[in-house]
Amino acid sequence: MMVNIPETFYWSTDYDHANNETTMCEFLDYYLPEEYTVTFVDGTYAEITKEGTTETYGVHASGNGDFYNHKIEFEEI
């Protein structure tokens, strides 16, 4: 699955996420492009920086209608 930062990223799972912290963890562990480094995580919020640049984004995890559909939104900081 391709992540185009800073576009909103959506995905679905066959299993439910207990909360949006689970959504954040799954995004960071499995979907975050390798050229980004995680610099801060606090529950449903994280900050990432593109390696070799000052390009930094706030990352917000949420549901997208139910426990099986997930959304990550980015804001440049």
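Description of the structure in this document. (Residues numbered from 1 in each chain as written. Predicted model: local features only at pLDDT ≥ 70, side-chain atom pairs only at ≥ 80, totals over all residues. Heavy atoms only, no water.)

Broken down by element type, the protein carries one helix and five strands. Reading the secondary structure of the protein in the N-to-C direction produces β-α-β-β-β-β. A compact globule built from 77 residues would reach a C-alpha radius of gyration of about 11 Å, and the protein, at 12 Å, matches this within 12%. Each principal axis of the C-alpha distribution contributes one length, and for the protein these read about 35 × 25 × 20 Å. Residues classed as buried in the protein amount to 38% of the 77 residues present. (Helix = DSSP H or I, 4+ residues; strand = E, 2+ residues; numbered from the N terminus. Rg over C-alpha atoms; globule rule 2.2 N^0.38 Å. Buried < 20%, exposed > 50% of the residue type's maximum accessible area, 1.4 Å probe, protein only.)

So, about the packing of aromatic side chains. We describe a pair of aromatic rings using the distance from one ring centre to the other and the angle between the two ring planes. Across all of its chains, the model carries nine aromatic pairs by this definition. Taking 5.8 Å as the distance between ring centres and 50 degrees as the angle between the ring planes, the aromatic pair formed by F9 and F27 counts as tilted. With F9 in strand β1 (residues 9–12) and F27 in helix α1 (residues 20–31), this residue pair connects regions lying 18 residues apart in the sequence. Ring centres of Y57 and F74 lie 6.5 Å apart, and the angle between their planes is 80 degrees; this geometry places the pair in the edge-to-face category. Here F74 lies in strand β5 (residues 69–76) and Y57 lies in strand β4 (residues 56–63), a separation of 17 residues in the sequence. (Phe/Tyr/Trp six-rings, centres within 6.5 Å; stacked < 30°, edge-to-face > 60°.)

Residues I5, F9, F27, I48, V59, I72 and F74 are the most contacted members of the largest nonpolar core, which totals 17 residues. Elements that contribute at least two residues to this core include exactly β1, α1, β3 (45–50), β4 and β5. If one sorts the elements of this core by residue count, α1 sits on top with four residues. Discounting chain neighbours no more than four positions away, the residues touching I5 are L32, P33, Y36, I48, Y57 and F74. (Core = buried A, V, L, I, M, F, W, Y, C linked by side-chain atoms within 4.5 Å. Contact = heavy atoms within 4.5 Å.)

Alternating residues of β1 divide into F9 and W11, all buried, and Y10 and S12, none buried. In this structure, β1 lies alongside β5, joined through four bridges in antiparallel fashion. If you follow S12 over to β5, its bridge partner there is N69. (Pairing = 2+ DSSP bridges.)

Attention now goes to unusual backbone geometry. The linkage connecting I5 with the following residue, P6, adopts the cis geometry, with an omega of 15 degrees. With respect to the secondary-structure elements, P6 resides in the segment before β1.

Read these as spatial facts, not as claims about activity.
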